[in-house]
Amino acid sequence: TQLLEQSPQFLSIQEGENLTVYCNSSSVFSSLQWYRQEPGEGPVLLVTVVTGGEVKKLKRLTFQFGDARKDSSLHITAAQPGDTGLYLCAGYSNTNAGKSTFGDGTTLTVKP
Amino acid sequence: DAGITQSPRHKVTETGTPVTLRCHQTENHRYMYWYRQDPGHGLRLIHYSYGVKDTDKGEVSDGYSVSRSKTEDFLLTLESATSSQTSVYFCAISDRTSPFFGSQETQYFGPGTRLLVL
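Residues numbered from 1 in each chain as written. Chains lettered and ligands numbered in written order. Predicted model: local features only at pLDDT ≥ 70, side-chain atom pairs only at ≥ 80, totals over all residues. Heavy atoms only, no water.

### Regarding the state of the cysteines
Linking two cysteines covalently through their sulfur atoms gives a disulfide.
Residue and element names in this part refer to chain B.
Then, number 1: A full pass over the atoms with the stated rule returns two disulfides over all chains.
Then, number 2: Covalent S-S linkage joins cysteine 23 and cysteine 91, the inter-sulfur distance amounting to 1.9 Å. Here the S-S torsion is close to -75 degrees, and the disulfide linking cysteine 23 with cysteine 91 is therefore left-handed. Here cysteine 23, found in strand β3 (residues 19-25), pairs with cysteine 91, found in strand β9 (residues 87-94); they are 68 residues apart in sequence, far enough to count as distant.
Then, number 3: Assessed through its relative accessible area of 0%, cysteine 23 is described here as buried.
Then, number 4: Given the relative accessible area of 0%, cysteine 91 is considered buried. (Disulfide = S-S within 2.5 Å. Helix = DSSP H or I, 4+ residues; strand = E, 2+ residues; numbered from the N terminus. Buried < 20%, exposed > 50% of the residue type's maximum accessible area, 1.4 Å probe, protein only.)

### Remarks on the nonpolar core
Then, number 1: Grouped together as the largest cluster of nonpolar side chains are 21 residues, with contacts concentrated most on Leu19, Leu32, Trp34, Phe63, Leu74, Ile76 and Leu108 of chain A.
Then, number 2: For this core, the elements supplying multiple residues, two or more each, are β3 (19-24), β4 (31-37), β5 (44-49), β7 (61-65), β8 (71-76), β9 (85-92) and β11 (106-111) of chain A.
Then, number 3: Those residues in contact with phenylalanine 63 of chain A that lie beyond four places of it in its chain are Trp34, Leu46, Val47, Glu54, Val55, Lys56, Leu58, Ser73 and Leu74 of chain A.
Then, number 4: If you look at the next biggest cluster of nonpolar residues, it comprises 19 residues, including Leu21, Cys23, Leu115 and Val117 of chain B. (Core = buried A, V, L, I, M, F, W, Y, C linked by side-chain atoms within 4.5 Å. Contact = heavy atoms within 4.5 Å.)

Below, the structure is given as structure tokens:
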């Protein structure tokens, strides 16, 4: 069974602060996705990382895939209240019968 | 946005009654999934489908069944609802074409169904 552990589980910060969310596993993934979910809605894809060591930037969000493709991080610079939500990582592997494994998520609250 | 809808969006039912949730897609994707989301557990896979009449169990399939008679529809049935099945249910579709090839998958989620079993 492939597991993804996210940390921290909850994070509450002030507007303008920086933060990092981690997604760790002992399994190797072919790719890893980050989703954001707002209350009352389904998760929405933010980014997919495929290559070990890959770094992708989406405005103030920076995503990194570990060299061994077992872990990933999401860094937000100068957080804004609009960043508030549940952040989920999901790992995909061909060895898992075409199913993605989801972490339990990090609930981020950014206070004005 | 991916064309994926769920119905009903909210439902209240009593213990012991059967409940069917519907997921409908307009993207013609092969893979479809049902998840439940509960506090502290993230998204847990219930069942998934890799084609018409082709389904398989996920990690929390007990008490649930699924059917897929058409590409666009994936039904989730709670055979005899229990209070432990109170949850938010999400359907997802995937752009994957094969479980054996390709290095990535993007899942697109529906808006969810909030189910309360009394």
